[in-house]
Amino acid sequence: MSWHRKRRHKADAGTDTRTDTRSGGQQRGQERSGQHAGQRTGQRARRNEKNAVIPYAVFIGMPGSGKTRIGREVANLLGIRFYDSDEEIERIEDMRIAEIFETRGEAEFRAVECDVIAGFVRADRAYRSRSQSSDTSSRTRHSQRPPRIPRSHIHFEGILSLGGGAPMNAQTQENLRHYARMGGQVIYLNAEPEEAIEHATRSGTRPLLKHNPHKVWMDLYDQRHETYAQLATFTLPTHGKTPRQAANTVIDVLDESIIHVSGASPEYDVHIGINTMQHLPDLLGDPSSKDGAVRVALIHTESVQRHSDKARAILRRTGYEVTEIVIPDAEEGKTLRVVSDVWDQLGELGFTRSDAIVGLGGGAATDVAGFIAATWLRGIRYVNCPTSLLAMVDASTGGKTGINTEAGKNLVGSFYTPVGVLADVDTLRTLSPRIFTEGLGEVVKAGFISDQSILRIIEKHADMLRTLDPAHITDEQMNIIIELISRSVRVKERHVSTDLKEKGLREFLNYGHTLGHAIEKMEHFTWRHGEAVAVGMIYAAELAEIHGIVDRDFVDYTRDILESVGLPTTWSTLSEALGPDATDAQMEDFEDRVLEIMHRDKKARGRMLRFVVVDEIGHARRLEDPSEDSVIEALHRLAS
Ligand SMILES: NC(=O)c1ccc[n+]([C@@H]2O[C@H](COP(=O)([O-])OP(=O)(O)OC[C@H]3O[C@@H](n4cnc5c(N)ncnc54)[C@H](O)[C@@H]3O)[C@@H](O)[C@H]2O)c1
Ligand SMILES: [Zn+2]
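Everything numeric in this text was worked out from a predicted model, so none of it was measured. (Residues numbered from 1 in each chain as written. Chains lettered and ligands numbered in written order. Predicted model: local features only at pLDDT ≥ 70, side-chain atom pairs only at ≥ 80, totals over all residues.)

1. Here we look at the UniProt feature "binding site: Mg(2+)" (unreviewed entry) in the protein
Point 1. The UniProt record marks Thr 68 with the feature "binding site: Mg(2+)" (unreviewed entry), using the residue numbering of this structure.
Point 2. Here Thr 68 shows up in helix 2 (residues 67-78).
Point 3. Overall, the presence of 17 C-beta atoms within 10 Å leaves Thr 68 in the partly exposed class.
Point 4. With sequence-adjacent residues up to four places away left out, Thr 68 is seen in contact with Asp 84 and Ser 161. (UniProt positions renumbered as here; feature names shortened; annotations may be inferred. Helix = DSSP H or I, 4+ residues; strand = E, 2+ residues; numbered from the N terminus. Buried ≥ 20, exposed ≤ 12 C-beta atoms within 10 Å, placed from the backbone. Contact = placed C-beta atoms within 7 Å.)

Structure representation (structure tokens):
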């Protein structure tokens, strides 16, 4: 269960670029395989009468909060239609809203309103109204059992703004939840009261605000705020923002790629895009409500201080008490001592189950922060904010948390599900080129085991990826990077969701890792993980070729694609130990050490070695108990 949405091309804003949709993850994902993000611009969604059309976003909020102004601005910028539920009602009933209130009463108005909104947001109704256009008995339809609409049959079109009171209707609430489950965005514009009251009373057409508008508005706000916040997939505080600024923030949200991780309990979303950190309050809950987090421990390394400042500002603005906890960098932070220090700090702060932890940084920081969240009071709310490419494509999804011990890496840990993962791609801009490139190792791996279009995208953009300066990523480059991250996360999600624990499909994620781990160990972790996995994939390909599973072209292709993005394809220590100048004793000693480590790797069972191999691009399988001769022969083939 996963889907994603096309990114906006900022340069194209104002033209009709939003006809492709996130729901195309499966169906149109196949149609456009072989294309890169940029080529999808302007492509029209294929329509047929089986498709359900629902809005990209539904705006909710108090009267005067800017639903119409900002909604229209978003629609204009994207070149799509804007609908207002009040206007639709007036059009259908051929009567002003105030008149409907006066002549037919509020209850009747709410019934009509509910029905009109359902026509927009219920995928099953939109589906029917297109497939059975003669059926006009819409008012009773939502009480019938809805047909199941495959996500791939849902298309997004237009923006809808709702009247302020609409979300208070129980049926509309149910419809909006259904809409959000289908991938729709419910955007709550949370305005500053004075501003909103000023706006709301200006036109003089709102029947509820005729008398004593200030008090009425505040009373309504008290009644509605919590419901709005609960229904929202994104809450936007509009204070201090021009409509254009607010619209751009909303567009960033609409442009996000969202991967739903369904095998976890509870299920959660991975948000990938510009500024996704702004979802922190949505994930943590309203601090003023009984379910919301109150205090947040923001655990991060110094290397991402700038991004942590951004997270802290977002959290403070929403009213959380934020404590920053800076941990040592990289593997230095993944120790029991660090965990114990943080436990002490949480104890001093009196952290309770209603508080939360946000882990921000590379995979090491998020592994340890997740482990702390898993263990404090047997588990408190946790949000994972990965900031390295590797952490985004790999470490953030799958629920593994953990620390290292004297005996080895990642030996102590726990499966723990975050309430969400926010991969804010802006954070990539401070990465060093080497750490960025290493992350591509896992991206290529995801391509080989499950998604060949990842490899197509890489082939096409190899030069750009190899020479990329993270500090100067252009919009177009970012679109491609987001596409690669989204596809890789989707691969990971598919492999962990069917099987959350270490068996079955999950094992395929270890493609290239058996030798990769041995390289890391023998090089005393001076190699980056993604670099070691790159050479490990060449090894797995050579082994597969020896066993007749793939041909030489496959091995050459593996080497070429890794080299094309600047990943290593040779292992100099091995080349020396097994090269022409090496003695037999040196060779044997080296072979023994590599084999010994591979045997000890947790993926080996008993004395039997097992490897993950790829038999064709996009498809992995196991290779169990290959002969020792073949394992050694494959090693020799790595010597340059
Ligand atoms: N939980 C899982 O499923 C899983 C999966 C894969 C890897 N991991 C773990 O992840 C770790 C590797 O992740 P990694 O490659 O991100 O390593 P890392 O966390 O050590 O980060 C690499 C370096 O980049 C820095 N960095 C990270 N983001 C930055 C940014 N935006 N700007 C500037 N510097 C930044 C870090 O401070 C660090 O120095 C390992 O500990 C590994 O065990 C976990
Ligand atoms: Zn890995």
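2. A few points about the site of ligand 1
Point 1. Close contacts around ligand 1 come from 28 residues, with Ala 330, Gly 362, Gly 363, Ala 364 and Ser 388 the closest.
Point 2. If you list the elements that add at least two residues to the shell around ligand 1, you get helix 14 (363-375), helix 15 (389-395) and strand 15 (408-415).
Point 3. A per-class count over the shell around ligand 1 returns 9 nonpolar, 12 polar and 7 charged. (Near = placed C-beta within 6 Å. Nonpolar A, V, L, I, M, F, W, Y, C, P; charged D, E, K, R; others polar.)

3. Side note on the pairing of strand 2 (residues 57-61)
Point 1. By the criterion of burial, strand 2 is predominantly enclosed, with 5 of the 5 residues buried.
Point 2. A two-sided burial pattern is seen for strand 2, the buried positions comprising Ala 57, Phe 59 and Gly 61 on one face and Val 58 and Ile 60 on the other.
Point 3. Across 3 bridges, strand 2 lies against strand 5 (residues 159-161) in parallel orientation. The partner of Ala 57 across the bridge, within strand 5, is Ile 159. (Pairing = 2+ DSSP bridges.)

4. With respect to helix 20 (residues 529-546)
Point 1. The terminal C-alpha atoms of helix 20, which comprises 18 residues, lie 26 Å apart, in line with the 26 Å expected from a rise of 1.5 Å per residue.
Point 2. Among the 18 residues of helix 20, 17 are classified as buried, and the element is accordingly described as predominantly covered.
Point 3. Following helix 20 by one or two positions, Gly 548 adopts a phi angle in the positive range, close to 70°. (Expected span 1.5 Å × (residues − 1).)

5. Some words on the sheet that holds strand 11 (residues 321-327)
Point 1. With mixed pairing, 7 strands are arranged side by side in an open sheet as 8-9-16-13-12-10-11. Each end of this open sheet is capped by a strand with a single partner; those strands are strand 8 (257-261) and strand 11. Strand after strand, the sheet turns through a mean of 15° between neighbouring axes, direction not considered.
Point 2. Where strand 8 and strand 9 (residues 268-273) come together, 5 bridges link them in antiparallel fashion. Bridging from a neighbouring strand, His 260 pairs with Asp 269 of strand 9.
Point 3. Along the sheet face, helix 14 touches strand 10 (295-301), strand 11, strand 12 (356-361) and strand 13 (381-386) and points at about 170° away from the line of strand 12. (Axes fitted to C-alpha atoms, helices over the stretch in contact; angles between N-to-C directions.)

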